[in-house]
Amino acid sequence: MGFLIVIAASCSEVVGDASVSCSQPENGFLNSLSLLSSEKAVQELLQQSPLQSTDDHLIEFSDAMRTVAKALRRAAEGKASAQAEAAEWKRKYELERARNLHLEHKEQSHRENNGDDERTENLGSPSNEQSEQCCGSNGICSHEVLRDGDRDSASRVVPNKFARKASFKLSWWCKGDQSDQHKHDIVSFERGNITTAERSSKQISLKWESQPQTVIILTKPNSTSVRILCAEMIRWLREQKKLDIYVEPRVRAELLTESSYYNFVHTWKDETEIMLLHTKVDLVVTLGGDGTVLWAASMFKGSVPPVVPFSLGSLGFMTPFHSERYREYLDSILKGPISITLRHRLQCHVIREAAKNEYETEGPILVLNEVTIDRGISSYLTNLECYCDNSFVTCVQGDGLILSTTSGSTAYSLAAGGSMVHPQVPGILFTPICPHSLSFRPLILPEHVTLRVQVPFNSRSHAWASFDGKDRKRLAAGDALVCSMAPWPVPTACQVDSTSDFLNSIHDGLHWNLRKTQSFDGPRDT
C-alpha cells in the first residue's frame, strides 16, 4: 500500500512536469493537448515504475492506468474527429440547400416561359385550397419543396431503366388552433425515398403525387392462414389494381406449387437484387406481427418505402391494420392521403481494439427496436464504459445495457424497467438491465447524440451485442460499439394517426391501466 502512495505521488509529479492541470474547465471537457499530455505522463510513469508480477494489486493498478491512458487518447481523437465531421456535414447541407433553391428557381422560370401554369403551381406552391386553409387561418406559413434525385444539365430527372417510382409529398401538422407550430412544411420526394434524418413531433401526412405501381408483400413463415391471405391479396391487387407484385423466393415457390396462375409474381435471387429493391418498390405490405415489420425494415439498408403492417401475430404495437378489411384499407392507402409514423432506426458500428482509427469499423448495422449489450453465458457482471458525444456517462455494472429507439420502447426496454415513449418523440432510450446499483435509473437522450459503449481492459469477461435480437457479436476487452440515429426512417402507415394508434396498441396489447371500476355504493362526502 505504501508503494501505491509513492506511485500516486510520482504520477502527480510527472503530470506536473508535463504542464497538465488536474482541474477541469468550466464546460467539463479537457482540451486535446491536455489529454495527450496526460496519456504521455501515464505511459512514462508505467515505464519508470516496474511492477512485480507477483503482486496482484499492482497488476490491477497497472491495467487501470493503461485503460485511463487509452481513454484519454481516444477522447482527444474523438473530439477532433467530431468537430471535423460536424463542419463537413454543415458544408454539405449548405451546398445541397443552395443547389435545391437554384434548381427550383430555374425550373419555375422554365415552366413560366412555356406557359405551364398548372404544373408550376403544384410544384412551387400549395394549391389555393391548401394555402387558404393553412395561411388564411393560421397566420405565418412556411412551404419548402425539396427535390430528391440526380438531375442532368437540363434540370430533368435522369431516366431509370426500371419503371419510375411513385413520388409523394409529406406534410407536417398538428391539431389545435392555438399552437404557434400549426403550419404545413411540405417536402416532395420525386423518387419516393425518404432520406431525411429530421424528426417531427407533429402528425405526418403522405400524399401520392403519382400512382403506386409496385408492391412487395412480406409474410410470416409457417402459417397456413397467412399463406391463404397472401394468395388472395395478390390476386386482388393484380386483377383490381393492376400492380406489379414482389414476394420472397420462398413465398413464390409456395404460390407456384398451388397454381401456375402466379407466374406474374416477381422475386429476387441474391443480396445484390435485394439492395436494389428500394429503387423498384413503391409500397411494402407485411402480413404478420411486429417481427415481420422488423424483418421488412432489415431488408432495406438505406431508404425504406412506406410500410402497411397487417396484424396477424400474437402481439403487435406496430400493426394497426386488421386483415379482414384489407381491401378497404389498401384501396384507401393507394388513393391517399394517409397518416404515417416515421420510425427511426439506430445505426451501429463495432470498433475492434486492434483498429487503427475510428473509421475502421464493422457495420453499419441498422436496428428498428434496440441493440442489447449483455454478459452472455458468463457468470461475471458486465463492465461497460459509456460515453455520449465523448462525454463520460457512467460505468454499467449489471446484466447489460439496452439502447433503444422510441419504437422499441414497448419491447425489451419496457421489460427492463424503461418507460413507454410515443414513437414520434425524438430520442434514444438508455436502459440498464438489472443494474448493480439501485440508483441507476433509465435515461432518454436526444436523437442527435452519438453513444459509445466500450468494454474496458480490466473487464473480467467479454460482452455480447445483439441487434433486434439477432446478428450476435462478441465484444472483447478494448472493443467498442458506437450507435447514432440512422438517416433512413421506416415510414409505417397509420389506421387513424400516430397518437391514436399508439394508445390503442398499449391498451389492447398490454391492457395498460386496466382495472375494475370502483363501486358507487360506498361512503360519500357530505
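Residues numbered from 1 in each chain as written. Predicted model: local features only at pLDDT ≥ 70, side-chain atom pairs only at ≥ 80, totals over all residues. Heavy atoms only, no water.

**Section: the overall build of the protein chain**
Line of reasoning, step 1. Check the secondary structure of the protein chain and you find twelve helices and 21 strands.
Line of reasoning, step 2. Relative to its 526 residues, the protein chain shows a buried fraction of 44%.
Line of reasoning, step 3. Pairs at least 24 residues apart make up 68% of the contacts formed inside the protein chain by residues separated by at least 6 positions.
Line of reasoning, step 4. For the protein chain, the accessible area works out to roughly 28,500 Å², and carbon and sulfur atoms hold 51% of it. (Helix = DSSP H or I, 4+ residues; strand = E, 2+ residues; numbered from the N terminus. Buried < 20%, exposed > 50% of the residue type's maximum accessible area, 1.4 Å probe, protein only. Contact = heavy atoms within 4.5 Å. Areas by Shrake-Rupley, 256 points an atom, 1.4 Å probe, with all protein chains shown as cover.)

**Quick notes on the packing of aromatic side chains**
Line of reasoning, step 1. Overall, the coordinates contain nine aromatic pairs when judged by the stated rule.
Line of reasoning, step 2. Centre to centre, the rings of Phe310 and Tyr329 are 6.5 Å apart; their planes meet at 50°, and the pair counts as tilted. Of the two residues, Phe310 is situated in strand E7 (residues 307-311) and Tyr329 in helix H10 (residues 326-335); the sequence distance between them amounts to 19 residues. Here Phe310 and Tyr329 have matching classes, each one buried.
Line of reasoning, step 3. For the pair Phe430 and Phe440, a centre-to-centre distance of 6.5 Å together with 35° between the ring planes defines the contact as tilted. Of this pair, Phe430 sits in strand E15 (residues 428-435) while Phe440 sits in the loop between E15 and strand E16 (443-445), placing them ten residues apart in sequence.
Line of reasoning, step 4. An aromatic cluster is defined as three or more aromatic residues linked by ring pairs; in this entry it consists of Tyr261, Tyr262 and Phe264.
Line of reasoning, step 5. Positioned above the aromatic ring of Tyr261 is the side chain of Arg235, whose terminal nitrogen or guanidinium carbon lies 4.3 Å from the ring centre. (Phe/Tyr/Trp six-rings, centres within 6.5 Å; stacked < 30°, edge-to-face > 60°. Lys NZ or Arg CZ within 6 Å of the ring centre and 35° of its normal.)

**Overview of the packing of helix H6 (residues 224-241) against helix H7 (residues 249-258)**
Line of reasoning, step 1. Contact geometry for H6 and H7: axes closest at 11 Å, N-to-C directions at 80°. By the angle between their directions, the pair H6 and H7 is classed as roughly perpendicular. Together, Arg227, Cys230, Ala231 and Ile234 of H6 and Val251, Glu254, Leu255 and Glu258 of H7 make up the contact between the two elements.
Line of reasoning, step 2. Residues of the contact of H6 with H7, tallied by class, amount to five nonpolar, no polar and three charged. (Axes fitted to C-alpha atoms, helices over the stretch in contact; angles between N-to-C directions. Parallel < 35°, antiparallel > 145°, perpendicular 65-115°, else oblique. Nonpolar A, V, L, I, M, F, W, Y, C, P; charged D, E, K, R; others polar.)

**With respect to the pairing of E15**
Line of reasoning, step 1. With six of its eight residues buried, E15 lies for the most part within the structure.
Line of reasoning, step 2. Pairing geometry for E15 and E16, over three bridges, is antiparallel. Considered in E16, the bridge of Phe430 is made with Leu443. (Pairing = 2+ DSSP bridges.)

**Describing the nonpolar core**
Line of reasoning, step 1. Among the nonpolar cores identified, the biggest contains 40 residues, and Ile217, Ile234, Leu287 and Phe310 are the most heavily contacted of them.
Line of reasoning, step 2. At eight residues, H6 tops the list of elements feeding residues into this core.
Line of reasoning, step 3. Contact partners of Ile217, with chain neighbours within four places excluded, come to Cys230, Met233, Ile234, Leu237, Ile245, Tyr246, Val247, Glu248, Val285 and Leu287. (Core = buried A, V, L, I, M, F, W, Y, C linked by side-chain atoms within 4.5 Å.)

**A short note on the pattern of salt bridges**
Line of reasoning, step 1. Evaluated as defined, the whole model comprises 13 salt bridges.
Line of reasoning, step 2. The partner of Asp331 in a salt bridge is Lys241, and the shortest N-O contact between them spans 2.4 Å. Of this pair, Asp331 sits in helix H10 while Lys241 sits in helix H6, placing them 90 residues apart in sequence.
Line of reasoning, step 3. Residue Lys241 is classed as partly exposed on the basis of its relative accessible area of 26%.
Line of reasoning, step 4. Of the charged contacts in the structure, one is a salt bridge between Arg325 and Glu328, with a shortest N-O distance of 2.8 Å.
Line of reasoning, step 5. Each of Arg352, Glu362, Lys473 and Asp479 takes part in a single network of salt bridges with overlapping partners. (Salt bridge = Lys/Arg side-chain N within 4 Å of Asp/Glu carboxyl O.)

**With respect to the side chain of Thr406**
Line of reasoning, step 1. Mapped onto the secondary structure, Thr406 falls in the loop between strand E14 (391-405) and helix H11 (412-415).
Line of reasoning, step 2. Assessed through its relative accessible area of 5%, Thr406 is described here as buried.

**What to know about the pairing of strand E21 (residues 490-493)**
A regular strand places its side chains so that they alternate between the two faces of the sheet.
Line of reasoning, step 1. In E21, alternate side chains face the same way, and those of Val490 and Thr492 on one face and Pro491 and Ala493 on the other are all buried.
Line of reasoning, step 2. Pairing of strand E9 (residues 338-343) with E21 involves four bridges; the strand directions are antiparallel. Its bridge partner lying in E21, Leu342 is registered against Pro491.

**Looking at the packing of H6 against H10**
Line of reasoning, step 1. One way to put it is that H6 packs onto H10 with a least axis distance of 11 Å and a crossing angle of 45°. Between H6 and H10, the interaxial angle falls into the category oblique. Considering the relative orientation of H6 and H10, their crossing is right-handed. On the side of H6, the interface is formed by Leu229, Glu232, Met233, Trp236, Leu237 and Lys241, while H10 contributes Tyr326, Arg327, Leu330, Asp331 and Leu334.
Line of reasoning, step 2. Split into classes, the residues belonging to the contact of H6 with H10 amount to seven nonpolar, no polar and four charged. (Left-handed = near helix turned anticlockwise from the far one by under 90°.)

**Some thoughts on unusual backbone geometry**
Line of reasoning, step 1. The omega torsion of the bond from Gly336 to Pro337 falls at -5°, within 30 degrees of zero and hence cis.
Line of reasoning, step 2. Its place among the elements puts Pro337 in the loop between H10 and E9.
Line of reasoning, step 3. Even without glycine at this site, Lys242 takes up a positive phi of about 55°.
Line of reasoning, step 4. In this fold, Lys242 is placed in the loop between H6 and strand E5 (244-247).

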